[in-house]
Structure formats: C-alpha cells, structure tokens
Amino acid sequence: MKLLVAIVQDQDQQGLGKAFLENDVRATKLSSTGGFLRSGNTTFLVGVEDERVEEVLEVIKASCQSREQYISTPIHLDMNLEVSNTYPLKVEVGGAIVFVLPIESFFHF
Ligand code: 2BA
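Let me sum up the structure you'll find in this document.

What counts as what
Residues numbered from 1 in each chain as written. Predicted model: local features only at pLDDT ≥ 70, side-chain atom pairs only at ≥ 80, totals over all residues. Heavy atoms only, no water. Helix = DSSP H or I, 4+ residues; strand = E, 2+ residues; numbered from the N terminus. Rg over C-alpha atoms; globule rule 2.2 N^0.38 Å. Contact = heavy atoms within 4.5 Å. Areas by Shrake-Rupley, 256 points an atom, 1.4 Å probe, with all protein chains shown as cover. Lys, Arg positive; Asp, Glu negative; His and termini not counted. Charge placed at Lys NZ, Arg CZ, Asp CG, Glu CD. Near = heavy atom within 4 Å. Polar contact = N/O pair within 3.5 Å; in protein donor to acceptor, adjacent residues only side chain to side chain. Nonpolar A, V, L, I, M, F, W, Y, C, P; charged D, E, K, R; others polar. Pairing = 2+ DSSP bridges. Axes fitted to C-alpha atoms, helices over the stretch in contact; angles between N-to-C directions.

1. Section: the overall build of the protein
- Regarding its fold elements, the protein presents 2 helices and 6 strands.
- Listed by position from the N terminus, the elements making up the protein come as β-α-β-β-α-β-β-β.
- The C-alpha atoms of the protein give a radius of gyration of 19 Å, which is well past the 13 Å a tight globule of 109 residues would have.
- Each principal axis of the C-alpha atoms in the protein carries an extent, and together these give about 65 × 25 × 20 Å.
- Partitioning the intrachain contacts of the protein with sequence separation of at least 6 by distance along the chain shows that 67% fall at a separation of at least 24.
- If you sum the accessible surface of the protein, you get close to 8000 Å²; carbon and sulfur atoms cover 53% of it.
- Side-chain charges in the protein split into 9 positive and 15 negative, and the spacing between the mean points of these groups amounts to 4 Å.

In structure tokens, the structure reads:
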C-alpha cells in the first residue's frame, strides 16, 4: 500500500475531489499554504493499493493544470536612502506536486 500526498492549487481541488469520487478513490482533503507564495493550496492524502498508484496519478494529472502567477519582489535601489520599489516576478505553479510514500501498516478500526 502507498500514501499519495498531492498538493494542488485551490482552483483544481473541487474537480479533483469529484474525479476521486467518480473513480472510487478514497481521499482526505487538507487546507494548506505554500511556503513560497504563502497563498492557500490544497493537500490530498490518498491511501491506495500498490496496483492502483498509476491510475490515481493519472486522475490527478487529468484534473490539475499548471498556471502562471506573479508576485511582487522588492528591489532595493539604494540601501542608505532606503528607497525601494517592486517588480513582478513570474512563477509557474505546477499542476500538482505528488509524493508517493510506502505504508508500513494500515488499520481501520
Ligand atoms: P509554493 O511554495 O507557494 O510555491 C509556488 C511555486 O513557486 C512553485 O510551484 C514554484 O514554481 C515556485 N517556487 C517555490 N519555491 C521557489 C523558490 N525557492 N524559488 C523560486 N521559485 C519557487 P510548484 O513547484 O508547482 O509548487 C506548488 C506548491 O507545492 C508549493 O507552493 C508548495 O506548497 C508545494 N511544494 C512544492 N514542492 C514541494 C516540496 N519539495 N516539498 C513540500 N511541498 C512542496
């Protein structure tokens, strides 16, 4: 058995949750925050048998798309005068980040 930890953009979480239901994939949804952009994203925990890992990865891939985001980065023109400005930095946020972890034991009481 494997645990898939899938971090997706909030815009894709509804569609992915629906796709999991349609494909009989059990998942737990957590609200999370990206460390870089510091904006909300969604993390799904999916416990799945080894033989279904590829199928679940395909469901995630089909439901999530990458998007461009811009963040404002401070640019310091003169440190002594404390004059600063900002410029937009383009960041490509992936469709999904997925970690596949081995499960030592699984209990359902
Ligand atoms: P964030 O940390 O908010 O990162 C959003 C996007 O910003 C990333 O997209 C990447 O394109 C860019 N980025 C992140 N760190 C950067 C840095 N130090 N310098 C330049 N650009 C940077 P993704 O790579 O698709 O990641 C989307 C979200 O997935 C991340 O949101 C984070 O919540 C999670 N994530 C990505 N890699 C991870 C990792 N190795 N471990 C844990 N979480 C991860």
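2. Some details on the site of the ligand
- If you check the shell around the ligand, you find Ile7, Gly34, Gly35, Phe36, Leu37, Asn41, Val91, Glu92, Val93, Gly94, Ile97 and Phe99 and nothing else.
- Backbone polar atom of glycine 35 to an oxygen atom of the ligand: 3.2 Å apart, as the coordinates give it.
- One of the backbone nitrogen or oxygen atoms of glycine 94 is found 2.6 Å away from an oxygen atom of the ligand.
- If you list the elements that add at least two residues to the shell around the ligand, you get β5 (83-93) and β6 (96-102).
- Top element by residues in the shell around the ligand is β5. It accounts for 3 residues.
- Looking at the shell around the ligand residue by residue, the class counts come to 7 nonpolar, 4 polar and 1 charged.

3. Let's talk about the sheet that holds strand β1 (residues 2-9)
- An order of β2-β3-β1-β6 is seen for the 4 strands of this open sheet, with the pairing classed as antiparallel. Unpaired on one side and paired on the other, β2 (28-33) and β6 mark the two borders of the sheet. With direction set aside, neighbouring strand axes in the sheet form an average angle of 20°.
- Strand direction decides the pairing type here: β1 and β6, joined by 7 bridges, are antiparallel. Its bridge partner lying in β6, alanine 6 is registered against valine 98.
- In this fold helix α1 (residues 10-22) packs onto β1, β2 and β3 (40-48), with an angle of close to 20° to the strand it touches most, β3.
- On the sheet, helix α2 (residues 53-63) packs against β1, β3 and β6 and is oriented at approximately 5° with respect to β1.

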